[in-house]
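Coordinate inspection notes
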Amino acid sequence: MKTLRDVKVGRKANVVKLYGEGALRRRIMDMGITKGVELYVRKVAPLGDPIEITVRGYELSIRKADAEMIEVE
């Protein structure tokens with residue numbers, strides 16, 4: 001299983017599945033990260049947290065803990 005946290009800077013990935021439940025899963029989906037969406041990893045902060053991605057045409061910063069809940073291919 002490969003998660004968003006494993007994707008290198010400058011690479012694209014497609015969302016396969018979202019893990020988590022309740023409010024956390026809903027928050028990730030509200031940011032536009034849903035099954036089948038293409039994500040592009042723009043930057044990773046020097047200490048690895050947060051990760052800046054492009055999703056649906058806008059930039060988004062996401063924590064490592066949240067990125068681990070997004071399975072990609």
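This text follows the structure it describes.
A brief look at the structure comes next.

Turning our eyes to something else, we now look at the overall build of the protein. Counting its secondary structure elements, the protein contains two helices and six strands. Secondary structure of the protein in N-to-C order comes out as β-β-α-β-β-β-α-β. On C-alpha atoms alone, the protein measures out to a radius of gyration of 11 Å, which is about the 11 Å that the 2.2 N^0.38 rule sets for 73 residues. For the C-alpha atoms alone, the extent of the protein along its principal axes is close to 30 × 25 × 20 Å. The 73 residues of the protein split such that 36% are buried. Accessible surface for the protein amounts to roughly 4,600 Å². Of this, 49% is attributable to carbon and sulfur atoms. The centroid of the 15 positive side-chain charges in the protein is displaced by 2 Å from the centroid of its 11 negative side-chain charges.

Let's shift gears to the nonpolar core. The biggest cluster of nonpolar side chains holds 19 residues, and the ones touching the most others in it are L4, I33, L39, I53, I62, I70 and V72. When contributions to this core are tallied by element, the ones reaching two or more residues are β2 (12–18), β3 (38–44), β4 (51–55), β5 (58–62) and β6 (70–72).

Here we come to the side chain of E71. When you line up the elements, E71 lands in strand β6. Within the buried set, E71 has no salt-bridge partner at all; the shortest N-O distance to an opposite charge, 5.8 Å, is to K17. Among the polar contacts made by the side chain of E71, one reaches the side chain of Y19 at a distance of 2.5 Å. Setting aside residues no more than four positions away along its own chain, E71 makes contact with M1, K2, T3, N14, V15, V16, K17 and Y19.

When a strand is regular, its side chains alternate between the sheet's two faces. Alignment of β4 against β5, held across five bridges, turns out to be antiparallel. Within β5, the residue paired with T54 across the bridge is E59. Linking two consecutive strands that pair antiparallel, namely β4 and β5, is a turn of two residues; a positive phi of about 55° is found at R56 within it.

Definitions and limits used
Residues numbered from 1 in each chain as written. Predicted model: local features only at pLDDT ≥ 70, side-chain atom pairs only at ≥ 80, totals over all residues. Heavy atoms only, no water. Helix = DSSP H or I, 4+ residues; strand = E, 2+ residues; numbered from the N terminus. Rg over C-alpha atoms; globule rule 2.2 N^0.38 Å. Buried < 20%, exposed > 50% of the residue type's maximum accessible area, 1.4 Å probe, protein only. Areas by Shrake-Rupley, 256 points an atom, 1.4 Å probe, with all protein chains shown as cover. Lys, Arg positive; Asp, Glu negative; His and termini not counted. Charge placed at Lys NZ, Arg CZ, Asp CG, Glu CD. Core = buried A, V, L, I, M, F, W, Y, C linked by side-chain atoms within 4.5 Å. Salt bridge = Lys/Arg side-chain N within 4 Å of Asp/Glu carboxyl O. Polar contact = N/O pair within 3.5 Å; in protein donor to acceptor, adjacent residues only side chain to side chain. Contact = heavy atoms within 4.5 Å. Pairing = 2+ DSSP bridges.

Honestly, that's just the spatial picture; any functional story needs more than this.
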